[in-house]
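# Structural features, examined
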Amino acid sequence: MSTAAPRILVIEDSLMLIRPLCRMVNKQGFVAVPVTSMAEVRQALADDPRFMAAVADYCLPDAPNGEVLPLLLENRIPTVVLTAHNDMQTRERVLCMPVVDYIPKESPSAFEYVMKMLRRIRINPGIKVLVVDDSQAVRQFLRLQLERHLYQVLEAADAEEALGILRHESGIKLVLTDHDMPGMDGVRMTSTVRRFLDHTRLAIIGISGSQDPTMTARFIKAGADDYLQKPFNYEEFFCRVTRNVEFVENLQALQESANKDPLSGLSNRRHFFEQVASLRHNYSVAVLDIDLFKRINDGFGHDIGDQVICQTARLLESFFPDDIIARFGGEEFVILAQPLDAPDMLRQLDKLRRALANLSISTPLGDLRFTVSIGMAAAEEADISTLLKQADNYLYQAKHNGRNQVCGGIIDQTSDPASVASA
Ligand SMILES: Nc1nc2c(ncn2[C@@H]2O[C@H](COP(=O)(O)OP(=O)(O)OP(=O)(O)O)[C@@H](O)[C@H]2O)c(=O)[nH]1
């Protein structure tokens, strides 16, 4: 399948500007298609109209009054307008059209802002925003504004409907809520949402036309991240929407990097224990260790050793898609499966062991094969540390018996554990 980089139509008649602009666009991982006039825009659209977005100069030699904008919008191309005209009239004229944004060239950070907008146009179609307002006209107005930036918009006519959507729909990163609604008001709805969705999952912006000077504080104290006083202008609206969505994204990225092992992408040890804490007893735990890994590093180099770790992680995920898998460190992995079914787990672990032994990694020094040893323990009542210790004992047994095998059993708290071994 083709994974071609998205194309961006860059429309600018100044050669001084178009070169650095295209360079920046390409650096973001897009393909810039430079054109310098309205005639060239027509030609580019006739050649291939599939552009992810356009960065358009408002004033072109053959289209001095923004005539290029309706042409781009007719072709449904999200358009960021760059202009040297920073007067109110031009600004109003441009923002009357459903462009993404209007950026004066005079600002030294104008190009940076354009890049940020392009990144958002790429990401926003995957982000859901929920608009909560009892007025259909207001919901429709907010929907149109948000769709300029390509967000997926959901609507709720009151707090009850909004809470239902938030409980069942995943991927909502932002809620825009009115305050005065029949039934539960926006402030109460915000504090209810915060009981089950924290700031890492969702940002909330309160919106109200009320003249009550305490409204901002009431929303923020209830758990909102921001507040907009009606009427607001389009640019302020988007600055706040973008800032709040980015805030959630940054928190999620931080959380992800705190929880994940950067090499394999699996959970790290700390996150493993965090996940396990919320589980009831009655599970199986397996500890997997790559055999003679030091030899792989010494013989093929650390980069190939890293590849072995990553390939092992991918197979682990495919054999245990619904379970908790973590890289504990070095060449050691842990799998926690629930509910307890020790014989099934042993069989699945042995299939995994054989699949890994059959894997061949091609390296500059020839094909590499490797094996793993696995220890597994299951119990109805034992806590995680007892199980891990027992699984580790079984792992030691597997290594001691010659490696490339699974050893494990069910822990009977009242007697010595029975052992099952498969070679
Ligand atoms: N490439 C790579 N090597 C690592 C990483 N973390 C730890 N290691 C290496 O893993 C090796 C582990 O070796 P040992 O603990 O001696 O175990 P082993 O060679 O697998 O021997 P057995 O466990 O007895 O089969 C050490 O050489 C570490 O340097 C990593 O992230 N990448």
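Going by the structure above, here's the rest.
Residues numbered from 1 in each chain as written. Predicted model: local features only at pLDDT ≥ 70, side-chain atom pairs only at ≥ 80, totals over all residues. Heavy atoms only, no water.

Another aspect to go through is the overall build of the protein chain. Along the backbone of the protein chain there are 15 helices and 18 strands. Once the C-alpha set of the protein chain is aligned to its principal axes, its extents read approximately 85 × 60 × 30 Å. Within the span of the protein chain, comprising 423 residues, buried residues form 49% of the whole. Contacts in the protein chain between residues far apart in sequence, at least 24 positions, make up 65% of those at least 6 positions apart. If the 45 positive side-chain charges of the protein chain are averaged to one point and the 56 negative ones to another, these points end up 2 Å apart. (Helix = DSSP H or I, 4+ residues; strand = E, 2+ residues; numbered from the N terminus. Buried < 20%, exposed > 50% of the residue type's maximum accessible area, 1.4 Å probe, protein only. Contact = heavy atoms within 4.5 Å. Lys, Arg positive; Asp, Glu negative; His and termini not counted. Charge placed at Lys NZ, Arg CZ, Asp CG, Glu CD.)

Glancing now at the pattern of salt bridges. Working definition: two side chains of opposite charge can pair if their charged atoms are close together. A full pass over the atoms with the stated rule returns 27 salt bridges. The residue R7 makes a salt bridge to D48 at a minimum N-O spacing of 3.6 Å. Of this pair, R7 sits in strand β1 (residues 7–11) while D48 sits in the loop between α2 (38–47) and β3 (53–57), placing them 41 residues apart in sequence. R7 sits in the partly exposed class, given a relative accessible area of 21%. A salt bridge links E147 to R143; its shortest N-O distance comes to 2.9 Å. (Salt bridge = Lys/Arg side-chain N within 4 Å of Asp/Glu carboxyl O.)

Right, let's get into the pairing of β3. Burial analysis of β3 places five of its five residues in the buried class, which makes it a mostly covered element. Because side chains alternate across β3, one face comprises the buried residues A53, V55 and D57, and the other comprises A54 and A56, equally buried. Pairing geometry for β1 and β3, over four bridges, is parallel. Its bridge partner being in β3, I8 is matched across the sheet by A53. Two elements, β3 and strand β4 (residues 79–83), share four bridges in a ladder whose sense is parallel. Among the inter-strand pairings, A54 is bridged to a residue of β4, identified as T79. At this point the chain moves from β3, through helix α3 (residues 68–74), to the parallel β4, and the crossover so formed is right-handed. (Pairing = 2+ DSSP bridges. Right-handed = clockwise from strand over helix to strand, strands pointing away.)

Quick look at the site of the ligand now. Among the 17 residues in the neighbourhood of the ligand, the closest are listed as L292, F293, N297, D306 and R327. Within the backbone of L292, one N or O atom sits 2.8 Å away from an oxygen atom of the ligand. With respect to the ligand, the backbone of F293 contributes an N or O atom lying 2.7 Å from an oxygen atom. In isolation the ligand has 670 Å² of accessible area, and contact with the protein removes 65% of it. Taken together, the elements giving at least two residues each to the shell around the ligand come down to β11 (283–290), α12 (293–300) and α13 (302–319). (Near = heavy atom within 4 Å. Polar contact = N/O pair within 3.5 Å; in protein donor to acceptor, adjacent residues only side chain to side chain. Areas by Shrake-Rupley, 256 points an atom, 1.4 Å probe, with all protein chains shown as cover.)

Turning our attention to the pairing of strand β16 (residues 372–379). In terms of residue burial, β16 counts as a mostly covered element, since eight of its eight residues are buried. Side chains V372, I374, M376 and A378 of β16 all project onto a buried face; the interleaved residues S373, G375, A377 and A379 project onto the opposite face, where all are buried too. Sheet topology places β11 next to β16; eight bridges connect them, and they run antiparallel. Bridge pairing links D289 to S373 in β16. Two elements, β16 and strand β17 (residues 406–410), share five bridges in a ladder whose sense is parallel. What sits directly across from G375, in β17, is C407. With helix α15 (residues 384–400) bridging β16 and its parallel neighbour β17, the resulting β-α-β unit is left-handed.

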